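# Survey of secondary and tertiary structure
Chain residues, written in single-letter form:
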Amino acid sequence: MEQGKIRTALPTGRQSVYTRSVPLSPETDPEFDVNVNLIFFGTEDFPVASLKALVEAGFSPSLVVTKPDAPRGRGRKIYPQKMRLVAEELGLPCEQPKSVLAPEFMDHLRSLEPDLFVVVSYGVILSEEFLAIPSSGHCLNVHASLLPRHRGAAPVHQAILSGDKTTGISIMQIVKAMDAGPVMLQKETPIDPHENSGQLFSRLSDLGGEALVEAMRILDEGEAEFVPQDDTKATRAPKLVKDDGHIDWSQSAKEIDQLVRAFTPKPGSRTRFGPKRLIVLEGRIEEDNFGLGVPGGILTSGEEGIRVSTGSGIYRILRLKPENGRNMTAGEFARGHFIPPDARMG
């Protein structure tokens, strides 16, 4: 074993179920059953694929924990948590405590005698007391980046915003410091040059499910190795806010493209055309062979898009959304608006 790695396994006292060349699953063996008392914590959309993958692989949680149903939108209507609906669909018990760190709820968790916790996008910094509850000492997290790069709440957005060529999933042991725990397993995937954060988010959610099942199997075999992260290489991935999405046309077309893709579908990259506020949804980078344009100046507009001069290169807008309007192609917008020769975005 390499120095710095910690080998660990699930609690002993039961025969490993992975002794064949073909991994066992409910499909390959009708009597397949993994005797692991697992509690799953997650909120919103990202954990859905992980929970479903665990169930399909035979690692059904004894309990799913998610946050309480909450009001959303202008009408502040109460909507059910996505994870509660998925748990009900899978026939799994689900609880929605106001705080998982409340002493009475942690006592409840202890009474369930869990072997391990799996936490996926729960959005709470967990205490050492909470992390000590599982008998195996394992609190696994599915993180949507190749740690130590992009620690924080928005690793998917920040990977695109930073111009990364690849990203991936890290399965790590949770520690008190945010996303700083030792890493057990990573799966890498390329970022398509036209992929936005919503599309990448969906792919990484599925990849996270695959990686989590693989990690569970490795744990079950007693072959898990946790490698400490190199903190000197850590980068931060704070949550994006609306104001950060303003397009600065003096930047390069490449930087603007990264901004647009990172902020799509939410919170949206913004610019102005006269008095109108626009959300730019999609575009392409083009070379500027003459370099005569003024940043923000509209060079051409039509069915092929709206070509805007930048600090370096041309950014051709393909899709946009006027504020309080509908998504449309740039060609549709150009047909409905007079765009004079000296028009500018800004």
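Right above here is the structure, for reference.
None of the values given here were measured: they were computed from a predicted structure.

## Quick notes on the pattern of salt bridges
For the structure on display, the rule yields 16 salt bridges. Here R151 makes a salt bridge to D231, at a shortest N to O gap of 2.7 Å. Here R151 is found in the loop between β8 (138–143) and α5 (155–161), whereas its partner D231 is found in the loop between β11 (224–226) and α7 (253–262), with 80 residues between them in sequence. Among the residues examined, R151 registers a relative accessible area of 5% and is labelled buried. Note that R203 is salt-bridged to E195, the shortest N-O span being 2.7 Å. A relative accessible area of 7% places E195 in the buried class. Via salt bridges that share partners, D69, R84 and E88 belong to a single interconnected network.

## Observations regarding the packing of aromatic side chains
On inspection of all chains with the given rule, the structure shows seven aromatic pairs. With 5.0 Å between their ring centres and 40 degrees between their planes, F117 and F130 make a pair best called tilted. Here F117 is found in strand β7 (residues 116–120), whereas its partner F130 is found in helix α4 (residues 128–131), with 13 residues between them in sequence. Accessibility classification places F117 together with F130 in one group, the buried group. Between F273 and F333, the ring centres sit 5.8 Å apart and the planes meet at 75 degrees, which makes this aromatic pair edge-to-face. Of this pair, F273 sits in strand β12 (residues 269–273) while F333 sits in helix α8 (residues 330–336), and the two are 60 residues apart along the sequence. Owing to a relative accessible area of 0%, F333 belongs among the buried residues under this scheme. By the ring-pair criterion, three or more aromatic residues cluster together here, those being F41, F117, Y122 and F130. Geometry around Y122 places K67 over its ring, the cationic atom sitting 5.6 Å from the centre.

## Quick notes on the sheet that holds strand β10 (residues 183–190)
Taking strand neighbours across the sheet as the criterion, the seven strands line up as β6-β3-β2-β7-β8-β9-β10 in an open arrangement whose pairing is mixed. This sheet does not close on itself; its edge strands, each paired only once, are β6 (94–95) and β10. The pairing of strand β3 (residues 63–65) with β6 spans two bridges and is parallel. Counterpart to V64 in the pairing with β6 is C94. Strands in contact with helix α1 (residues 48–56) are β2 (38–42), β3, β7 and β8; relative to β2, the strand with the most contacts, it is inclined by about 160 degrees.

## A look at α7
In terms of burial, α7 is largely enclosed, as eight of its ten residues are buried. Every buried residue of α7 is listed here: A253, I256, D257, Q258, L259, V260, R261 and A262.

## Looking at the packing of α1 against helix α6 (residues 197–221)
Orientation of α1 relative to α6, taken along the N-to-C sense of each, is 40 degrees, at an axis distance of 7 Å. Classed by the angle they form, the pair α1 and α6 counts as oblique. When the axes of α1 and α6 are compared, the crossing they make is right-handed. Where α1 approaches α6, its residues A49, S50, A53 and L54 are matched on the opposing element by S205, D206, G208, G209, L212, V213 and M216. Broken down by class, the residue content of the contact of α1 with α6 amounts to six nonpolar, four polar and one charged.

## So, the nonpolar core
It is characteristic of soluble globular proteins that their nonpolar side chains tend to be buried jointly. F40, I169, I171, M216, I306, I317 and M345 are the most contacted members of the largest nonpolar core, which totals 65 residues. Among the elements that line this core, the one with the most residues is α6, at nine residues.

## A few points about the state of the cysteines
Counting across every chain of the model gives zero disulfides. A disulfide-free cysteine, C94 has its sulfur positioned 18 Å from the sulfur of C139, the nearest such atom.

## Details of the packing of α1 against helix α2 (residues 82–90)
Interhelical geometry of α1 versus α2 gives an angle of 20 degrees and a closest axis separation of 10 Å. It follows from the interaxial angle that α1 and α2 lie roughly parallel. As α1 packs across α2, the resulting crossing turns out to be right-handed. Contact with α1, carried on its side by V48, L51, K52 and V55, involves K82, M83, V86, E89 and L90 of α2 and no other residues of that element. Considering only residue class, the contact of α1 with α2 consists of six nonpolar, no polar and three charged.

Reading the values: rules and limits
- Residues numbered from 1 in each chain as written.
- Predicted model: local features only at pLDDT ≥ 70, side-chain atom pairs only at ≥ 80, totals over all residues.
- Heavy atoms only, no water.
- Salt bridge = Lys/Arg side-chain N within 4 Å of Asp/Glu carboxyl O.
- Helix = DSSP H or I, 4+ residues; strand = E, 2+ residues; numbered from the N terminus.
- Buried < 20%, exposed > 50% of the residue type's maximum accessible area, 1.4 Å probe, protein only.
- Phe/Tyr/Trp six-rings, centres within 6.5 Å; stacked < 30°, edge-to-face > 60°.
- Lys NZ or Arg CZ within 6 Å of the ring centre and 35° of its normal.
- Pairing = 2+ DSSP bridges.
- Contact = heavy atoms within 4.5 Å.
- Axes fitted to C-alpha atoms, helices over the stretch in contact; angles between N-to-C directions.
- Parallel < 35°, antiparallel > 145°, perpendicular 65-115°, else oblique.
- Left-handed = near helix turned anticlockwise from the far one by under 90°.
- Nonpolar A, V, L, I, M, F, W, Y, C, P; charged D, E, K, R; others polar.
- Core = buried A, V, L, I, M, F, W, Y, C linked by side-chain atoms within 4.5 Å.
- Disulfide = S-S within 2.5 Å.

Function cannot be inferred from these measures alone, as they are strictly geometric.
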